[in-house]
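# Notes for the structure review
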Amino acid sequence: MQHKFITFIGGGNMAQAIIFGLLQQGYPAHKLMVCDPNPSRRDIFAARGIMVSDNNIEAAIRAEVVLLAVKPQMMEAVCLPLQAVDFSHKLLISIAAAISLQRLHDLLPSAANIVRVMPNTPALVSAGMSGLFAAPSLAQDLKDFAEALLAAVGKTCWLAQESDMHKITAASGSSPAYFFAFMEAMQLMLMDSGIDENMARLLVQQSALGAAKMAEQNPQISLSLLRENVTSKGGTTAAALAVFNRCGLDDMVKQAMAACIARSQEMEKLF
Ligand SMILES: NC(=O)C1=CN([C@@H]2O[C@H](COP(=O)(O)OP(=O)(O)OC[C@H]3O[C@@H](n4cnc5c(N)ncnc54)[C@H](O)[C@@H]3O)[C@@H](O)[C@H]2O)C=CC1
Ligand SMILES: O=C(O)[C@@H]1CCC=N1
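Remember, predicted model here, so these are calculated numbers, not experimental data. (Residues numbered from 1 in each chain as written. Chains lettered and ligands numbered in written order. Predicted model: local features only at pLDDT ≥ 70, side-chain atom pairs only at ≥ 80, totals over all residues. Heavy atoms only, no water.)

### Quick word on the site of ligand 1
In the vicinity of ligand 1 lie 25 residues, with Asn 13, Met 14, Asp 36, Asn 56 and Val 70 positioned nearest. The separation between an oxygen atom of ligand 1 and a polar main-chain atom of Asn 13 is 2.9 Å. Between ligand 1 and Val 70 there is a distance of 2.6 Å, counted from an oxygen atom to a backbone nitrogen or oxygen. Relative to its free-state accessible area of 830 Å², ligand 1 is covered by the protein chains to the extent of 79%. Here ligand 1 is seated within the second largest pocket. Taken together, the residues of the shell around ligand 1 break down into 14 nonpolar, eight polar and three charged. (Near = heavy atom within 4 Å. Polar contact = N/O pair within 3.5 Å; in protein donor to acceptor, adjacent residues only side chain to side chain. Areas by Shrake-Rupley, 256 points an atom, 1.4 Å probe, with all protein chains shown as cover. 1 Å grid on protein atoms, 1.4 Å probe; cavity = no way out; pocket = protein on both sides within 12 Å on 5 of 7 lines; lining within 4 Å. Sits in = over half its atoms within 2 Å of the grid points. Nonpolar A, V, L, I, M, F, W, Y, C, P; charged D, E, K, R; others polar.)

### Some details on the pairing of strand 6 (residues 114-118)
Consecutive residues of a regular strand have side chains that alternate between opposite faces of the sheet. Among the five residues in strand 6, five count as buried, and that is most of the element. Burial of strand 6 is two-sided: the residues Ile 114, Arg 116 and Met 118 facing one way and the residues Val 115 and Val 117 facing the other way are all buried. Taken together, strand 5 (residues 91-94), helix 5 (residues 101-107) and strand 6 form a β-α-β motif whose crossover is right-handed. Bridge count between strand 6 and strand 7 (residues 128-134): four bridges; the pairing is antiparallel. Of the residues in strand 7, the one forming a bridge with Arg 116 is Phe 133. (Buried < 20%, exposed > 50% of the residue type's maximum accessible area, 1.4 Å probe, protein only. Helix = DSSP H or I, 4+ residues; strand = E, 2+ residues; numbered from the N terminus. Right-handed = clockwise from strand over helix to strand, strands pointing away. Pairing = 2+ DSSP bridges.)

### Considering the site of ligand 2
Around ligand 2, a shell composed of Ala 97, Gly 173 and Ser 174 is seen. In isolation ligand 2 exposes 240 Å². Once the protein is present, 48% of that is buried.

### Things to note about the UniProt feature "binding site: NADP(+)" (unreviewed entry) in the chain
Look at the UniProt record and you will see "binding site: NADP(+)" (unreviewed entry) annotated at Ile 9, Gly 10, Gly 11, Gly 12, Asn 13, Met 14, Ala 69, Val 70, Lys 71 and Pro 72. With the annotated positions falling across 64 residues, the maximum pairwise C-alpha distance of 14.0 Å places them together in a single cluster. As for the second largest pocket, its lining draws on Ile 9, Gly 10, Gly 12, Asn 13, Met 14, Ala 69, Val 70, Lys 71 and Pro 72 from among the annotated residues. In this structure Val 70 comes out as buried when scored by relative accessible area, which is 16%. Apart from residues no more than four positions distant in its own chain, Val 70 is found in contact with Ile 9, Gly 10, Met 75, Val 78 and Ala 96. (UniProt positions renumbered as here; feature names shortened; annotations may be inferred. Contact = heavy atoms within 4.5 Å.)

### Let's talk about unusual backbone geometry
With a phi close to 70 degrees, Ala 98 is a non-glycine residue in the positive phi region. Within the element layout of this structure, Ala 98 appears in the loop between strand 5 and helix 5. Judged by its relative accessible area of 2%, Ala 98 falls in the buried class. A positive phi is found at Ser 126, a non-glycine position, where the angle reads about 60 degrees. Mapped onto the elements, Ser 126 comes out in the loop between strand 6 and strand 7. Overall, Ser 126 belongs to the partly exposed group, its relative accessible area being 28%.

Rendered as structure tokens:
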């Protein structure tokens, strides 16, 4: 992939996951810059040979690509001073949840080239999942660059319509937390039953990893069949799944994802 000069505005959890993932894939540190008012955040990147700054305007001016990685609540306060920068020849990438292309255009009127991305933190271990959206008028080479950037740290998909970004947030951005919560619950149960914490974690995380790898490496087998292949009639798994069914796991997951989508839609109006 091309190595354009990228300035990250905001060096928090998600920026770190993408940046460390990129470094691992050989993206040159001297082509990356991180701007964050928090010195301890800047130190994390400086320690990896990345230029850091607390001056968003200066850092944006020197970039070919500016990647907005601040909280949605901060977006307006961060963007208004950035109106001093001419974005017309830069690529602007925003990973913020719930901030629409229109809102980004309003906040940074000179920005002609914008890609919205919903990534997730597994980018850190090159296992990210990102949904991308851009206006159909965006130049193909800029779309290709944005895609290659995120593809360097995981899988990507382009959305046909921007409104789908809310659903992608429920499916990629937020979803690692669902799986962590599930693993936490399993670990807790094991610990309550007397299994050592580390062993409980190993059992849970290796099983989760194995299940995900089986799903990935057998795309021709449905997830239902993968589940059924574990489930002997009258056996142990069936006993566990019966409890999930009785407690309404499917409905609970639907409700949780719907809440995620609804909050994203609400945040779109707020910020
Ligand atoms: N954490 C996640 O798993 C995901 C987060 N996102 C999106 O990524 C964005 C960042 O989220 P996180 O990294 O989780 O948040 P975070 O709170 O870890 O990082 C935000 C960073 O912005 C910095 N910041 C605050 N004011 C600033 C300013 N004026 N200029 C520059 N930097 C400033 C903060 O010091 C902080 O380090 C959000 O918009 C979120 O919606 C998207 C997908 C997944
Ligand atoms: O929880 C959030 O709002 C952000 C967006 C997706 C993941 N984290």
